[in-house]
Amino acid sequence: MFKNMKFYFHPAKLTRIRRNLFATQVVNHGGQVVLSSEVATHVIVEETSDHSGLPVSLWAGDPVVVGTLWLSQCLKKQAVQDQQPYVVSQPIQKRSTPSPEPPTTSKKPATSDVVVEKYACSQSSSASDASCNAVVLSQLRRLADTYRARGDQWRAHGYEKAISAIRRHGKEITSSEEVASLEGVGAKMASKVMEVLSTGKIRKVEELCETEESRVLDLFSGIWGAGPATANAWVIER
């Protein structure tokens, strides 16, 4: 999908975990991750960051500068999407009186700036703040705990099965085929795992686990002797 494309991930407000997850998917889909924007065909910037503060040097090699949402859409639909709606324009710089500087000798980035082999989640877990599997397990655990606190044991059990299957797998998950091959992980659960690998999170976690009701339910569930039914009753009565 990303054949002949070279991606540079600008680190401003884009966490290392998300960069690693995106980078792994780029490599898995035939692209390259480079360490300099000057040799990149595409520069990826955080969607929510203040683009007016981006350094003009990002545009030095004439790459396409786009937000992370474009890359997420490409991975979600398994095809390169139209870049135009996601393009980030070069910010207009205020004119200032130039100060004399000593001449510098420009040189092209060394070939070592191009990363064409294993990256991010394909590396050992010590190479990043957290492994891909750790991020996946963390997101699935939050959903399992929330469903259990709400008394939905059936859904909680489904997430527990997936968590156990990923732990038994024993190596980093990098593709949808790999997820689908795990015993105890169905199609819907596999799509949630791939959502984490593509975006760094599961949208359902925000919708379900970060509401006021869930926070109060978690608080009540932490009281000794209070099961899901009792905690839910307290939430209704409050």
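Refer to the structure printed above.
Residues numbered from 1 in each chain as written. Predicted model: local features only at pLDDT ≥ 70, side-chain atom pairs only at ≥ 80, totals over all residues. Heavy atoms only, no water.

## Things to note about the overall build of the protein chain
- The helix and strand tally for the protein chain stands at nine helices and five strands.
- N-terminal to C-terminal, the α/β element order of the protein chain is β-α-β-β-β-α-β-α-α-α-α-α-α-α.
- Residues counted as buried form 40% of the 238 residues belonging to the protein chain.
- Summed over all atoms, the accessible surface of the protein chain reaches about 14,000 Å², with 51% contributed by carbon and sulfur. (Helix = DSSP H or I, 4+ residues; strand = E, 2+ residues; numbered from the N terminus. Buried < 20%, exposed > 50% of the residue type's maximum accessible area, 1.4 Å probe, protein only. Areas by Shrake-Rupley, 256 points an atom, 1.4 Å probe, with all protein chains shown as cover.)

## Here's the deal with the nonpolar core
- Core analysis: the largest hydrophobic core is formed by 28 residues, its most contacted members being Leu140, Ile166, Val185 and Leu197.
- For this core, the element with the most residues is helix α3 (residues 132-149), which contributes eight residues.
- Non-local contacts of leucine 140, meaning those with residues more than four positions away in its chain, are made with Tyr159, Ala162, Ile163, Ile166, Met189, Val193 and Ile202.
- Counting 15 residues, the second largest nonpolar core, distinct from the first, contains Phe2, Met5, Phe7 and Ala23. (Core = buried A, V, L, I, M, F, W, Y, C linked by side-chain atoms within 4.5 Å. Contact = heavy atoms within 4.5 Å.)

## Considerations on the packing of α3 against helix α4 (residues 153-169)
- Packing of α3 against α4 brings their axes to within 8 Å, and their N-to-C directions diverge by 160°. Here α3 lies roughly antiparallel to α4, going by the angle between them. As for how α3 packs across α4, the hand of that crossing is left-handed. In contact with Asn133, Val136, Leu137, Leu140, Arg141, Leu143, Ala144, Tyr147 and Arg148 of α3, α4 contributes Gln153, Arg155, Ala156, Tyr159, Glu160, Ala162, Ile163, Ile166 and Arg167.
- In the contact of α3 with α4, the residues fall into eleven nonpolar, two polar and five charged. (Axes fitted to C-alpha atoms, helices over the stretch in contact; angles between N-to-C directions. Parallel < 35°, antiparallel > 145°, perpendicular 65-115°, else oblique. Left-handed = near helix turned anticlockwise from the far one by under 90°. Nonpolar A, V, L, I, M, F, W, Y, C, P; charged D, E, K, R; others polar.)

## Thoughts on helix α2 (residues 68-77)
- Counted residue by residue, α2 has seven buried out of ten residues, so it is predominantly covered.
- Regarding α2, the residues found buried are Thr68, Trp70, Leu71, Ser72, Gln73, Cys74 and Leu75.
- Against the buried residues of α2 lie β1 (6-9), α1 (16-28), β3 (42-45), β4 (64-67) and α6 (187-199).
- Backbone geometry just after α2 places glutamine 78 at a positive phi near 55°.

## Some details on the packing of α4 against α6
- Orientation of α4 relative to α6, taken along the N-to-C sense of each, is 60°, at an axis distance of 11 Å. With respect to α6, the axis of α4 lies oblique. Considering the relative orientation of α4 and α6, their crossing is right-handed. For the pair α4 and α6, the contacting residues are Gly158, Tyr159, Ala162 and Ile166 in the first and Met189, Lys192 and Val193 in the second.
- The class makeup of the residues in the contact of α4 with α6 is five nonpolar, one polar and one charged.

## Notes on the packing of aromatic side chains
- Counted under the stated rule, the structure contains four aromatic pairs.
- Ring geometry for phenylalanine 9 versus phenylalanine 22: centroids 6.3 Å apart, planes at 5°, classification stacked. Residue phenylalanine 9 is found in strand β1, and its partner phenylalanine 22 is found in helix α1; the two are separated by 13 residues along the sequence. Summarising the burial analysis for this pair, phenylalanine 9 and phenylalanine 22 share the class buried.
- Centre to centre, the rings of tyrosine 147 and tyrosine 159 are 5.8 Å apart; their planes meet at 20°, and the pair counts as stacked. In this pair, tyrosine 147 is assigned in helix α3 and tyrosine 159 in helix α4, connecting sequence segments twelve residues apart. Here the two residues tyrosine 147 and tyrosine 159 agree in accessibility, since each one is buried.
- A network of ring pairs unites the aromatic residues Phe2, Phe7 and Trp70 as a single cluster. (Phe/Tyr/Trp six-rings, centres within 6.5 Å; stacked < 30°, edge-to-face > 60°.)

## Focus on the pattern of salt bridges
- Counted under the stated rule, the structure contains six salt bridges.
- Note that arginine 18 is salt-bridged to glutamate 46, the shortest N-O span being 2.7 Å. Here the residue arginine 18 occupies a position in helix α1, and glutamate 46 occupies one in the loop between β3 and β4, the gap between them amounting to 28 residues.
- Owing to a relative accessible area of 6%, glutamate 46 belongs among the buried residues under this scheme.
- Residues joined by salt bridges that share partners form a network here, namely Arg141, Asp145, Arg148 and Glu160. (Salt bridge = Lys/Arg side-chain N within 4 Å of Asp/Glu carboxyl O.)

## Notes on unusual backbone geometry
- The phi dihedral of asparagine 4 falls on the positive side, at around 70°, and the residue is not glycine.
- Residue placement: asparagine 4 occurs in the segment before β1.

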